[in-house]
Amino acid sequence: MMNETTGHKTTTGTTEAPAPAANAPAANAMWGGRFAGGPDAIMTAINASIGFDRRLYAQDIAGSRAHAAMLAATGIISDSDGAAIREGLITVLSEIEAGRFVFSTALEDIHMNVEARLKELIGAPAGRLHTARSRNDQVATDFRLWVRDQCDAATAALDALMRALLAQAGAGADWVMPGFTHLQTAQPVTWGHHMLAYVEMFSRDRGRFADARARMNECPLGAAALAGTSFPIDRQMTAAALGFDRPCANSLDAVSDRDFALEFLSAAAISAIHLSRLAEELVIWSSAQFRFVTLSDRFTTGSSIMPQKKNPDAAELLRAKVGRILGATVALFTVMKGLPLAYSKDMQEDKEQVFDAADTLMLSLAAMEGMIADMTANRASLEKAAAAGFSTATDLADWLVREANLPFREAHHVTGTLVALAEGKGCDLPDLSLAEMASVHPAIDQSVYSVLGVHNSVASRQSFGGTAPDQVRARVAHWKEVLK
């Protein structure tokens, strides 16, 4: 297909016009008046960002439409020019979304590509669009809009994941399993309680994205290059049109900082670490040695040589993807750490890091939500493991404190002696006879057996935030109400 206006062949939205030769005259009419010759081919390659910032096309066009409407409303441009610009931008948007738009490396970035096509469509009025603004405030606005959208998307994905975890928690509110410290059996907990631990983690991730969104919701448009503008613009109007709470209060700050992107990346990195920890547990739990869970065929793969294998590849890949998000976070911190005010070209390196991290996070959240929703917890395996490893030893020590009035340190010593006795006999604590227990401490009587079962253990943990089934069900109900 040929673009009717430019004559360039188009196939998809990634089609590019040819780059200029190294010795060609200035090809960029948007800023080339200062230059007698064109840029070197290497300079063109390193300077152009259209290969990645084309992702900002919707935000760029929305910002330009809002700016044009404001320019017309304040009398800076005529109503007819403002209307032509806004209508022309809708055409540009439709061309990009339909894959008919020709992106040119020679035009450097999404801003110049859109403006150049607008000029082809509507002629001279397009030249008035850039009045009272700069690419500096334009890109800062576009990028804030894009990152703001990503905060909303991450929040929605976290909500879906939390709902999947809540479904697991509600179904297994009274199922017992071992709780671990140092990956050693510690105390019995409920399956629902373990699932809720991740609900709490992801809820804080959700809060971090919401906090970041609130802080970034100020509009840079109107800051111009760095000092504001002498035109009588209405920054409140453009901020409101784009859904911002207010304009940025300092023009230097508006164009020169990317803390909103850093905050998004930081929230993404923390969330990715939570995802990675859960993925690690899924890898362990789905192994033949644990058999705590069975992952569905949708999120596992087989082996090319071992027909019995069912590998948790989605969980393993997700566990690894945290490295990309952490890397992007460190990369952007490094870009920003030494920049004087205001704008420097270094900041062109902000977007690829954020784009990749956002894509990786959204894929990871979707994969985890799918794995959790499809996962089957093996109740029998969980309960068998919960009863092993002297998991009720702490319950015995607590009983000695309550019923025999022993100081906790003495109760701890008595319990350790009983654990050693059971270990020597190759049995668990409930399998010791009363005579054997009393031989270690005479205050132990028959009622001690009431605290040694794993179900009795978890039922006794009634403190707020504890693992008792009643506490689990109450917390599940709470989060279901929050996520309505």
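None of the values given here were measured: they were computed from a predicted structure.

### Quick notes on the side chain of Thr 329
Phase 1: Tracing the backbone through its elements, the reader meets Thr 329 in helix α11 (residues 313-336).
Phase 2: Setting aside chain neighbours within four positions, we find Thr 329 in contact with Leu 265, Ser 266 and Ala 269.

### A few points about the confidence of the model for the protein chain
Phase 1: Put simply, the protein chain has an average pLDDT of 89, and 91% of its residues get 70 or more.
Phase 2: Ignoring residues within four places in sequence, the model shows residues 1-27, a span with pLDDT below 50, making 58 contacts including any to other chains.

### Details of the pairing of strand β4 (residues 184-190)
Phase 1: Looking at chain direction, strand β3 (residues 176-181) and β4 are connected through six bridges and run antiparallel. Along β4, the bridge assignment pairs Pro 178 with Pro 188.
Phase 2: The loop that links β3 with its antiparallel partner β4 comprises two residues; one of these, His 182, has a positive phi angle of about 60 degrees.

### Brief notes about the packing of α11 against helix α12 (residues 351-374)
Phase 1: The geometry of α11 relative to α12 is characterised by a closest axis approach of 9 Å and an angle of 155 degrees between their N-to-C directions. Regarding the angle of α11 to α12, the classification is roughly antiparallel. The two elements α11 and α12 meet at a crossing, and its hand is left-handed. Contacts between α11 and α12 involve Ala 314, Ala 315, Leu 318, Lys 321, Arg 324, Ile 325, Ala 328, Ala 331 and Leu 332 on the former and, on the latter, Gln 353, Val 354, Asp 356, Ala 357, Thr 360, Leu 361, Leu 363, Ser 364, Ala 367, Met 368 and Met 371.

### Re the nonpolar core
Phase 1: The biggest cluster of nonpolar side chains holds 97 residues, and the ones touching the most others in it are Leu 165, Trp 191, Phe 202, Phe 209, Val 354, Met 368 and Ile 372.
Phase 2: If we ignore the near neighbours within four places in the chain, the residues touching Leu 165 are Met 195, Tyr 198, Val 199, Phe 202, Leu 278 and Ile 372.
Phase 3: Listed in part, the 20 residues of the second largest apolar core include Leu 396, Trp 399, Leu 400 and Leu 432.

### Some thoughts on the packing of aromatic side chains
Phase 1: Throughout the structure, instances matching the rule amount to 10 aromatic pairs.
Phase 2: Here Phe 143 and Phe 260 contribute two aromatic rings whose centre-to-centre distance is 5.6 Å and whose plane-to-plane angle is 75 degrees, an arrangement assigned as edge-to-face. Of this pair, Phe 143 sits in helix α6 (residues 135-171) while Phe 260 sits in helix α10 (residues 259-285), placing them 117 residues apart in sequence.
Phase 3: Judged by its relative accessible area of 3%, Phe 260 is buried.
Phase 4: Three or more aromatic residues link up through ring pairs in this structure, and these residues are Phe 180, Trp 191, Trp 285, Phe 290 and Phe 292.
Phase 5: Over the ring of Phe 103 we find Arg 54; its NZ or CZ atom is 4.5 Å from the centre of that ring.
Phase 6: Just above the ring of Phe 244 sits the side chain of Arg 148; from NZ or CZ to the centre is 4.9 Å.

### Topic: the pattern of salt bridges
Phase 1: As enumerated under the stated definition, the model contains 24 salt bridges in all.
Phase 2: For Asp 297, the salt bridge goes to Lys 310, with nearest N and O atoms at 3.0 Å. With a gap of 13 residues between them, Asp 297 in the loop between β7 (293-294) and α11 and Lys 310 in the loop between β7 and α11 connect regions that are remote in the sequence.
Phase 3: On the accessibility criterion, Asp 297 (63% relative accessible area) is exposed.
Phase 4: Classification of Lys 310 by relative accessible area gives partly exposed; the value is 40%.
Phase 5: A salt bridge links Asp 395 to Arg 461; the nearest nitrogen and oxygen atoms lie 2.8 Å apart. One end of the pair, Asp 395, is in helix α14 (residues 393-403); the other, Arg 461, is in the loop between α17 (454-460) and α18 (469-482), and 66 residues separate them in sequence.
Phase 6: Note on Asp 395: relative accessible area 4%, which makes it buried.

### Considerations on the packing of α14 against helix α15 (residues 408-425)
Geometry of a packed helix pair, given as the angle between the helix axes and the separation of the axes.
Phase 1: Close contact between α14 and α15 brings their axes to 8 Å; oriented N to C, the two are set at 135 degrees. By the angle class used here, α14 and α15 are oblique. For the pair α14 and α15, the sense of crossing is right-handed. Touching Ala 393, Leu 396, Ala 397, Asp 398, Leu 400 and Val 401 of α14 are Phe 408, Ala 411, Val 414, Thr 415, Leu 418 and Val 419, all from α15.
Phase 2: The residue makeup of the contact of α14 with α15, split by class, is 10 nonpolar, one polar and one charged.

### Things to note about α6
Think of an α-helix as 3.6 residues a turn; residues three or four steps apart then line up on the same face.
Phase 1: Over its 37 residues, α6 runs 54 Å from end to end, which matches the ideal 54 Å to within 8%, given 1.5 Å per residue.
Phase 2: Most of α6 sits out of view: 27 of its 37 residues are buried.

### Here's the deal with unusual backbone geometry
Phase 1: Residue Ala 342 is reached from Leu 341 by a cis peptide bond, and omega for that bond is 10 degrees.
Phase 2: The residue Ala 342 is located in the loop between α11 and α12 in this model.
Phase 3: Phi is positive for His 182, close to 60 degrees, though the residue is something other than glycine.
Phase 4: Mapped onto the elements, His 182 comes out in the loop between β3 and β4.
Phase 5: Even without glycine at this site, Leu 183 takes up a positive phi of about 60 degrees.

Calculation rules
- Per chain, residues are indexed from 1 in the order of the written sequence.
- Only residues with pLDDT of 70 or above have their local features reported here, since the model is predicted, and side-chain atom pairs are shown and tallied only from 80 upward, although totals for entire chains, interfaces and linings are computed over all residues.
- Think of the side-chain values as coming from all heavy atoms in the structure, minus any hydrogens and water.
- The numbering of helices and of strands both runs from the N terminus, where a helix is a DSSP run of H or I of at least 4 residues and a strand a run of E of at least 2.
- We call two residues in contact when some of their heavy atoms are within 4.5 Å.
- Known as pLDDT, the predictor's per-residue confidence is scaled from 0 to 100.
- At least two DSSP bridges between two strands are needed for those strands to be called paired.
- Orientation is described by axes fitted as lines to C-alpha atoms, over the contacting stretch for helices, and by angles from 0 to 180 degrees between their N-to-C directions.
- For classification purposes, angles smaller than 35 degrees are called roughly parallel, those larger than 145 roughly antiparallel, those between 65 and 115 roughly perpendicular, and all remaining angles oblique.
- Here is the rule for handedness: rotate from the far helix to the near one, and if that takes an anticlockwise turn smaller than a right angle the crossing is left-handed, while a clockwise turn gives right-handed.
- Joining through side-chain atoms within 4.5 Å is the link that ties buried Ala, Val, Leu, Ile, Met, Phe, Trp, Tyr and Cys residues into a set, and such a set is a nonpolar core.
- Remark: exposure states derive from per-residue accessible area (1.4 Å probe, protein chains only) relative to the maximum for the residue type, with buried under 20%, exposed over 50%, and partly exposed in between.
- Pairs were defined over the aromatic rings of Phe, Tyr and Trp, the Trp ring being its six-membered one, requiring ring centres within 6.5 Å. Orientation was assigned from the angle between planes: stacked under 30 degrees, edge-to-face over 60, tilted for the rest.
- Two limits define a charge over a ring: the Lys NZ or Arg CZ must be within 6 Å of the ring centre, and within 35 degrees of the ring normal.
- By definition, a salt bridge exists where a carboxyl oxygen of Asp or Glu is found within 4 Å of a side-chain nitrogen of Lys or Arg.
- Lys, Arg, Asp and Glu make up the charged group, whereas Ala, Val, Leu, Ile, Met, Phe, Trp, Tyr, Cys and Pro make up the nonpolar group; the residues left over, Gly among them, are polar.
- To estimate the expected span of a helix, subtract one from its residue number and multiply by 1.5 Å.

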